[in-house]
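Overview (structure and organization)
Chain by chain, the residues run as shown.
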Amino acid sequence: MPHATLTVNLDLAIIGGGVAGLWLANRAKAAGFSVAVFESNALGSDQTLASQGMIHGGMKYTLAGALTGASEAIADMPRHWRACLCGEGDVDLRHTRILSDHFFMWSGDDLGSKLTGFLASKITRGRIDPVHPDRRPPLLRNNQFSGSLYRLEDLVIDTPSLVANLAHNIEGNAFLIDWDNAQLEKDDAGVVSLRIQTPTHAIHLHAQQFIFTAGKGNAALLQQIGLTKPMMQLRPLQQVMVKHHYPFDFYGHCLGRDTTPRLTISSHRLPDGTHVWYLGGSLAEKGAQMASDELIALAKQELQELIPWVNLDTAEWATLPIDRAEPLQPGFVRPDNAFIAAADGAANVLVGWPTKLTLAPNLANQALERLQAAGIQPAAQTTHEPLTNLLDYLAYAEPAKTPWDEAFPPAMSAEEALALRFREPDDEDDES
């Protein structure tokens, strides 16, 4: 029996439900566009929830001893995010948790004199401040610590709550898509549409603009319609996760002699109350091609050298290989800014990569500017019929689990642990 065909017309169809697609959908919905986000896995999966949540103003890119294009391109991002977190920006993030309103940069005694002088110079004043020994965070409050310590007045956010907040703002607009039963199509005029096969209906979705924000999945989306540009580069990383019982949170970069931090630590909590350090920086770059046990051994060695007073003998370890997707750059250098451009060969497709979590607002700004320049405006719609139709046949996309929740599943739920703690003693307990 042939399936009935349902035609759906939208202003914007965003494919990819990470921070880039969700932030853009928030902005587009507020601007009056009918918009749907399509995600093939779970919202925030892959790059977004693999981020360490540091909303920095670019000062970690000064490790060559000078301000760079990257540091200046994102200098205003912490202010932008703070406004949103207070409900005063272009996206309402009042339900996003702030893990810390600052983070640290620290170094050993071997830090180059050029960099030490730069960090103490007038150029960085107000962006980086030296920390007096009696103001050190608990992790570094040990008489074995030596070197320099700086505090950055930037933010660390909880990425799971960010994804949930962004999804809540566009409730009813984010859908699961199964690419085994869906296909992008391009007609002779270069106009792209999307066909989705459900058990009862064939949905043919048209949009004034398709916007690909699927990270490394963008290349496969372009391939579906026979295109290759804009091209992408992948920067492989392998992060390390350490589950431990050390009671204090810490967020910071350890400086080395490379142009990226030697080690980056962010802290996260599991439902059972234990803590996880999530380790990145040069460690994650060097470990990209290592076996998991080899990288864990290197991480143990790094932590022993940097914070030897912390005993991690009973810690549990895991690794997370990820591919950071970026627009292709000459010489494979890191992009300075978010990127979005028209797909070469399509009439109604934009392809974007925020390049880093911090720059998601910048990507949305660029996308909306491109829509305005192309004369794309919200269609005159008096009902939510297109989205209502989709809701009848497609499942909602839900937020993904964090890498540390996946790596260290609890022996019991938080509710079970709480119930066990406060349960009444039974007869067997009395007899014992």
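Right above here is the structure, for reference.
Residues numbered from 1 in each chain as written. Predicted model: local features only at pLDDT ≥ 70, side-chain atom pairs only at ≥ 80, totals over all residues. Heavy atoms only, no water.

1. A short note on the packing of helix α1 (residues 19-30) against helix α10 (residues 360-373)
At a closest axis distance of 9 Å, the pairing of α1 and α10 adopts a crossing angle of 50°. In terms of axis orientation, α1 runs oblique to α10. Two packed elements cross with a definite hand, and for α1 against α10 that hand is right-handed. In this structure, α1 contributes Val19, Ala20, Trp23, Leu24 and Arg27 to the contact, and α10 contributes Ala360, Pro361, Leu363, Ala364, Asn365, Ala367 and Leu368. Taken together, the residues of the contact of α1 with α10 sort by class into 10 nonpolar, 1 polar and 1 charged. (Axes fitted to C-alpha atoms, helices over the stretch in contact; angles between N-to-C directions. Helix = DSSP H or I, 4+ residues; strand = E, 2+ residues; numbered from the N terminus. Parallel < 35°, antiparallel > 145°, perpendicular 65-115°, else oblique. Left-handed = near helix turned anticlockwise from the far one by under 90°. Contact = heavy atoms within 4.5 Å. Nonpolar A, V, L, I, M, F, W, Y, C, P; charged D, E, K, R; others polar.)

2. Comments concerning the packing of α1 against helix α6 (residues 159-169)
Contact pair α1 / α6: the axes reach a minimum separation of 9 Å and the direction vectors enclose 30°. The angle between α1 and α6 falls in the class roughly parallel. The handedness of the crossing between α1 and α6 comes out as left-handed. Touching Val19, Leu22, Trp23, Asn26 and Lys29 of α1 are Leu162, Val163, Leu166 and Asn169, all from α6.

3. Describing unusual backbone geometry
Going from Lys229 to Pro230, the amide bond is cis rather than trans, its omega being 10°. Among the secondary structure elements, Pro230 is positioned in the loop between α7 (218-224) and β13 (232-244). Phi at Phe332 is positive, roughly 60°, even though this residue is not glycine. Within the element layout of this structure, Phe332 appears in the loop between β17 (316-327) and β18 (339-342). For Thr355, which is not glycine, the phi torsion reads 70° and is therefore positive. Relative to the helices and strands, Thr355 resides in the loop between β19 (349-353) and α10. Residue Thr355 is classed as buried on the basis of its relative accessible area of 5%. (Buried < 20%, exposed > 50% of the residue type's maximum accessible area, 1.4 Å probe, protein only.)

4. Side note on the pairing of strand β16 (residues 275-280)
On a regular strand, each side chain points to the face opposite its neighbour's, so the side chains alternate between the two faces of the sheet. Across the 6 residues of β16, 6 count as buried, placing the element largely inside the fold. Alignment of β13 against β16, held across 5 bridges, turns out to be antiparallel. When the sheet's bridge partners are listed, His244 is paired in β16 with His275. From the end of strand β15 (residues 263-269) to the start of β16, which pair antiparallel, there are 5 residues, and Gly273 there has a positive phi angle of about 95°. (Pairing = 2+ DSSP bridges.)

5. A word on the side chain of Gln239
Inspection of the secondary structure puts Gln239 in strand β13. A distance of 3.2 Å separates a polar atom in the side chain of Gln239 from the backbone oxygen of Leu279. When near neighbours in sequence (up to four residues on either side) are disregarded, Gln239 contacts Gln52, Tyr278, Leu279, Gly280, Ala284, Leu295, Ala318, Thr319, Leu320 and Ile322. (Polar contact = N/O pair within 3.5 Å; in protein donor to acceptor, adjacent residues only side chain to side chain.)

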